[in-house]
Amino acid sequence: MFDGLDDIEWARLGHAYGAADDVPGQLRALLSPDPATRDEALGDLYTNVFHQGSRFEASAYAVPFLLELLADPATPDPAAVAGLLSALAVGYDEGVLPEGFPVAEYRRVAEGGRELLAAKPPPWTGTDESKKEYVEYTYVESLSAAEQSRLWAYVDLATYDAVRAGVPVFRALLKHSDPGVRTVAAYALAWFPEDADGSVSALAGAIDAAAEPGVESTPGEVATMLVASGLLGAAPDVRWLADPRPVLRWAAAIGRVRILGAAADPATVEELLSWASAPHDDAATGPVEGDWVPFLGGDLGGYAGLALRQLGPQHADRAFDALLDRLPTVSGERSLTVLGVALRLAFPDGPAAAGTPVAALPPRPRRLAEVLGRSTEPWLIDGQEFGNVAMLVDEYGLPGSRETMLAYLGHLP
């Protein structure tokens, strides 16, 4: 285990906080018999090599050892390791849904990035933080915007390709005894379209196996496999739309619209719209154990909202209605997801011009402004004002707080 780990000059590699010489110890700690030690090491790795969704030079170097851990049946918490690998591959999935990971675009943008990375000086090392020199950041800031894009695209792509080497491991884990591990393995496979043929076959076999007598499986596990299949180009069979388990109907609609788009059948459209408008993901049935899926952090309604844009303009009015039905009931990241889609539908030609009176707004933007004015939840995260929502609304030319929105609408508090 970990052959070659100490042969890497980790101090010359950078992560979010400088030299990556602490990464080997964190990787080894994932084998600790103490759960608290493992949790701390996992948190440290997320902080260092996946900081706020960003990948760094050291990230790709850490991946082969994480895959080695994942392939070893003796490794504790394989689902946690697989989750970190998925994050390293694609970042936050909200940035690539509902279409899937745009690997061809990354390969195009990353051209020339390898040479830029090779020219980067090693990070500062030392113990006296008062003398720390941000040599890496100085180098990056010296590059043009286009060069920075190429550099970071290459860093992301190098990490992605390192995780892609583990596709056979993820496929093998579809036969793991733990449904949680199978779920995360299916989620990971969804992001590698260049390996779609073998992965779709493996997912189909896993879906069939989950229905066999005596197999412990969950609806969320099968739903994850159906969505992953859709992201890889295989539409779930229409029969899943009639399944009595809501999460499987959701997954079928998500996977089918990913492939069928504007040609989606009425049953797929109706299922998608019902989830996009639901106040809560489990509103119809109550919370069901085993229904959780990893996509978008389990925000089924939010994912359905993102998928609405795949239906085409013929369903735009109903899609917008569904989003406005849900918006008053969500907050935090879920609010951000719904708002993002709603704002794009409300302003298809770009933001409103500065100073546009509410009476001059077209019907959709005016309706959206009214919903935001009379609703408290969309502006909040954990009961506090959510700055990301304020910035997003402001970008489209609307007032960036509920109070100013009410004044804009003429309903002064």
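These numbers were taken from a predicted model, which means no experiment stands behind them. (Residues numbered from 1 in each chain as written. Predicted model: local features only at pLDDT ≥ 70, side-chain atom pairs only at ≥ 80, totals over all residues. Heavy atoms only, no water.)

The helix and strand inventory of the chain stands at 20 helices and 4 strands. In terms of overall size, the chain behaves like a compact globule, its C-alpha atoms giving a radius of gyration of 23 Å where 413 residues would be expected to give roughly 22 Å. Projected onto the principal axes, the alpha-carbon positions of the chain cover approximately 65 × 60 × 40 Å. Counting across all 413 residues of the chain, residues that qualify as buried make up 51%. In the chain, the proportion of contacts linking residues at least 24 apart, taken out of those at least 6 apart, comes to 70%. When the accessible surface of the chain is summed, it comes to about 18,500 Å², and 54% of that surface belongs to carbon and sulfur atoms. For the chain, the distance from the average site of its 30 positive side-chain charges to the average site of its 58 negative ones is 6 Å. (Helix = DSSP H or I, 4+ residues; strand = E, 2+ residues; numbered from the N terminus. Rg over C-alpha atoms; globule rule 2.2 N^0.38 Å. Buried < 20%, exposed > 50% of the residue type's maximum accessible area, 1.4 Å probe, protein only. Contact = heavy atoms within 4.5 Å. Areas by Shrake-Rupley, 256 points an atom, 1.4 Å probe, with all protein chains shown as cover. Lys, Arg positive; Asp, Glu negative; His and termini not counted. Charge placed at Lys NZ, Arg CZ, Asp CG, Glu CD.)

Looking now at the confidence of the model for the chain. On average, residues of the chain carry a pLDDT of 94, and 97% of them reach 70 or more. Low confidence marks residues 282-287, where pLDDT is under 50. Its contacts with residues over four positions away, or in another chain, come to 2 contacts. (pLDDT = per-residue confidence, 0-100.)

In a pair of packed helices, the angle between the axes and the distance between the axes together describe the arrangement. Between helix H2 (residues 35-49) and helix H4 (residues 78-90), whose axes approach to 11 Å, the crossing angle comes to 5°. By the angle between their directions, the pair H2 and H4 is classed as roughly parallel. Contact residues: H2 offers Leu42, Leu45, Tyr46 and Val49, while H4 offers Ala80, Gly83, Leu84, Ala87 and Leu88. Looking at the contact of H2 with H4, its residues break down into 8 nonpolar, 1 polar and no charged. (Axes fitted to C-alpha atoms, helices over the stretch in contact; angles between N-to-C directions. Parallel < 35°, antiparallel > 145°, perpendicular 65-115°, else oblique. Nonpolar A, V, L, I, M, F, W, Y, C, P; charged D, E, K, R; others polar.)

What the rule picks out here adds up to 20 salt bridges. For Arg182, the salt bridge is made with Glu221, and the minimal N-O distance between the two is 2.6 Å. A residue pair is termed long-range when its members are at least 10 positions apart, and Arg182 in helix H10 (residues 179-189) and Glu221 in helix H12 (residues 219-231) qualify at 39 residues. A salt bridge links Asp321 to Arg367, with the shortest nitrogen-to-oxygen separation between them at 3.0 Å. Here Asp321 is found in helix H16 (residues 316-326), whereas its partner Arg367 is found in helix H18 (residues 363-374), with 46 residues between them in sequence. Here the salt bridges share partners, and the residues they tie into one network are Arg107, Asp161, Arg164, Glu194 and Asp195. (Salt bridge = Lys/Arg side-chain N within 4 Å of Asp/Glu carboxyl O.)

For helix H15 (residues 300-307), a buried count of 8 out of 8 residues is recorded, marking the element as mostly surrounded by other parts of the structure. Buried residues of H15: Leu300, Gly301, Gly302, Tyr303, Ala304, Gly305, Leu306 and Ala307, and no others. For H15, the elements touching its buried residues are H12, helix H13 (246-260), helix H14 (266-277), H16 and helix H17 (332-346).

The residue Glu136 is located in helix H7 (residues 135-142) in this model. At 2.7 Å, the side chain of Glu136 forms a polar contact with the side chain of Lys120. (Polar contact = N/O pair within 3.5 Å; in protein donor to acceptor, adjacent residues only side chain to side chain.)

A cis amide bond links Leu97 with the next residue in sequence, Pro98, at an omega value of 10°. One can find Pro98 in the loop between H4 and helix H5 (103-109). One non-glycine residue, Gln52, lies in positive phi territory at about 55°. Looking at the element boundaries, Gln52 is found in the loop between H2 and helix H3 (57-71). Judged by its relative accessible area of 63%, Gln52 falls in the exposed class.

Attention shifts here to the packing of aromatic side chains. Each aromatic ring pair is characterised by the separation of its centres together with the angle its planes make. For the structure on display, the rule yields 13 aromatic pairs. On the basis of an interplanar angle of 75° and a centroid distance of 5.9 Å, the ring pair of Tyr46 and Phe50 is categorised as edge-to-face. Overall, Phe50 belongs to the buried group, its relative accessible area being 5%. Positioned over the ring face of Phe320 is Arg364, at 5.7 Å from the centre of the ring. (Phe/Tyr/Trp six-rings, centres within 6.5 Å; stacked < 30°, edge-to-face > 60°. Lys NZ or Arg CZ within 6 Å of the ring centre and 35° of its normal.)

Moving on, we come to the environment of Asp243. Position of Asp243 relative to the elements: it lies in the loop between H12 and H13. Look at Asp243 and you get buried, because its relative accessible area is 11%. The residues contacting Asp243, other than those within four sequence positions of it, are Leu248 and Arg249. In terms of polar contacts, Asp243 uses its side chain to reach the backbone amide nitrogen of Arg245, at 2.8 Å.

Our focus in this paragraph is the environment of Ala228. Residue placement: Ala228 occurs in helix H12. Residue class for Ala228 comes out buried when judged on its relative accessible area of 0%. Sequence-wise, Ala228 and Glu333 are 105 residues apart; in three dimensions their C-alpha atoms are separated by 22 Å. When neighbours within four sequence positions are excluded, Ala228 is seen to be in contact with Ala186, Ala190, Leu203 and Phe295.

Quick look at the environment of Ala235 now. With respect to the secondary-structure elements, Ala235 resides in the loop between H12 and H13. For the pair Ala235 and Leu260, spaced 25 residues apart in sequence, the C-alpha to C-alpha distance is 7.8 Å. With residues near it in sequence (within four places) discarded, Ala235 still touches Gly255, Arg256 and Ile259.

Once that is clear, we can look at the nonpolar core. By size, the foremost hydrophobic cluster in this structure holds 127 residues, and its most contacted members are Trp191, Trp250 and Leu368. In terms of residues, this core owes the most to one element, H3, which gives 9 residues. With 7 residues, the next largest nonpolar core counts Leu116, Leu117, Tyr139 and Leu151 among its residues. (Core = buried A, V, L, I, M, F, W, Y, C linked by side-chain atoms within 4.5 Å.)

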